[in-house]
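# Summary of the model geometry
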Amino acid sequence: MKISVIGCGYVGLVSGFCFADSGHKVTCIDNNDQKIKLLKDNKVPIYEPGLNELLLKNIENGNLAFELNISENIKDSEIVLIAVGTPTGKNGDANLTFVYQCAREIAEFISPNTQIIIKSTVPVGTCDEVENIIKENCIHSEFSVISNPEFLREGNAISDFINPDRVVIGTDDQTNKRIMINLYKSITNEDKILFTSRRSSELIKYASNSMLAMRIIFINEIADLCEKIGADVTDIAKGIGLDKRIGPHFLEPGPGFGGSCFPKDARALIESGKKYDAPQTLLESVILGNENRKKNISKKILNKLDKQTENQIGILGVTFKAETDDMRESPSLIIIPDLQENGMNISVYDPEGEKEASKILKDVNWKKSAYEAAENVDCLVILTDWEEFKNLDLDKIKNSMKRPLIYDFRNIFDPDMMTELGFEYFSIGRG
Ligand SMILES: NC(=O)c1ccc[n+]([C@@H]2O[C@H](COP(=O)([O-])OP(=O)(O)OC[C@H]3O[C@@H](n4cnc5c(N)ncnc54)[C@H](O)[C@@H]3O)[C@@H](O)[C@H]2O)c1
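Let me sum up the structure you'll find in this document. Keep in mind that this is a model prediction, so the values were computed, not measured. (Residues numbered from 1 in each chain as written. Predicted model: local features only at pLDDT ≥ 70, side-chain atom pairs only at ≥ 80, totals over all residues. Heavy atoms only, no water.)

### Quick word on the packing of aromatic side chains
For the coordinates displayed, the defined rule picks out 10 aromatic pairs. The interplanar angle of 90 degrees and the centroid separation of 5.4 Å between the aromatic rings of Phe19 and Phe161 together place this pair among those described as edge-to-face. Of this pair, Phe19 sits in helix α1 (residues 10-21) while Phe161 sits in helix α6 (residues 157-162), and the two are 142 residues apart along the sequence. Classification of Phe19 by relative accessible area gives buried; the value is 0%. In this structure an aromatic cluster arises from ring pairing among Phe19, Phe161 and Tyr184. Over the face of the ring belonging to Phe151 we find Arg166, whose NZ or CZ atom lies 3.6 Å from the ring centre. (Phe/Tyr/Trp six-rings, centres within 6.5 Å; stacked < 30°, edge-to-face > 60°. Helix = DSSP H or I, 4+ residues; strand = E, 2+ residues; numbered from the N terminus. Buried < 20%, exposed > 50% of the residue type's maximum accessible area, 1.4 Å probe, protein only. Lys NZ or Arg CZ within 6 Å of the ring centre and 35° of its normal.)

Set out below in structure tokens:
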């Protein structure tokens, strides 16, 4: 099939490259000229494992192309997939400017019978509105708007895309269903596809992310209680996760959830609840609890330090999670400025995050390795669980630190082992 993907971000590039890799002819379009220039030079503008290889392979076999403008470039596409951003708007709702702008731009150029797939996460009713916009601006009326939210996780995005738990497709039309089965059959089994109405499909995505966010905040609060009463959150998570009704996933405590999806989608669902007079009170406490958590992290660190002297703090990991360069709503964006406001000097190492993070985090000393970030510090703080941090030479780390104090907000080390090695080691919810 001939597919145009609009938006060359985490979702657009992964979807586009995976469809190209499964034999479709894909043109990826973005109005950011820097991104398109990089892609045309065979460079991926984001960090996502495996994307580089897919890019080179599918450029080589002629399945991938890149363009700056929508215009003529989408003509003859059977599928136009919209994967532009839907950031948090002024009141917490989703800002749909980019989606609606795409709808206006494509309307003039789509060929008859084009399927417009909304991959971006959008509130209920957005597909209806996209359809109206296109109708007003298109000379023909033979097109369909289908909801097909994406569930990939950054850092594992390609694998998630080609081995999805489910593919949710919102359309009631039988022809559209056949076309979507045809599109996805090269990616996954038909039995993975869940057809729903467009509105249900739009809501499934928000409900899904909000449920995951709830689990994270729940285990974080249980971890806080564990610290006070001397219980171990790892055992608690295991103990509750073994219950098949609960399951083991998303029960790892941390410094608060971030990223481009959970906070924004939970906020948007709260706003939808208000709009339709169906209050999402649980989610309101999730957002509040998460914001408070991020603010309290620096207090925990500062409590362990002598505030009368000048302290140097080393930070390992600033991205919102491992295996991505994404800094959107990362806990580090609250924690590091808080520490700086309290007079701390900060050195930072992140395997992939420096380029993005250095645009936002000011006055930090960027280091080229975890060992450099640990040199001469009064405290080393782990904020992201990059694999390489789990394999550090801890003796070497200890010997280079001024004081062997580690605050591990990802629980990557065993507390007994760390004490034996001579660290003052603090982690989350482990007594
Ligand atoms: N990032 C994730 O892990 C993830 C996972 C599932 C769903 N989503 C959802 O997918 C959508 C995209 O997320 P993302 O993280 O890929 O966003 P992103 O910000 O990484 O990328 C969006 C891209 O769209 C481009 N764009 C915006 N307006 C455009 C226009 N008019 N024409 C052409 N290009 C335009 C931007 O330049 C940008 O490159 C969002 O709705 C998000 O909630 C994201």
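### Observations concerning the site of the ligand
Neighbouring the ligand are 28 residues, the closest being Asp30, Lys35, Thr86, Glu154 and Lys264. At 2.5 Å from an oxygen atom of the ligand is found a side-chain nitrogen or oxygen belonging to Asp30. The side chain of Lys264 places a nitrogen or oxygen atom 2.6 Å from an oxygen atom of the ligand. Protein contact buries 91% of the 830 Å² of open area that the ligand shows by itself. Elements with a minimum of two residues in the shell around the ligand: α1 and α4 (97-107). Examining the composition of the shell around the ligand, we find that four residues originate from one element, α4, more than from any other. Among the residues making up the shell around the ligand, the classes are represented as 10 nonpolar, 10 polar and eight charged. (Near = heavy atom within 4 Å. Polar contact = N/O pair within 3.5 Å; in protein donor to acceptor, adjacent residues only side chain to side chain. Areas by Shrake-Rupley, 256 points an atom, 1.4 Å probe, with all protein chains shown as cover. Nonpolar A, V, L, I, M, F, W, Y, C, P; charged D, E, K, R; others polar.)

Nothing here speaks to function; it is all geometry.
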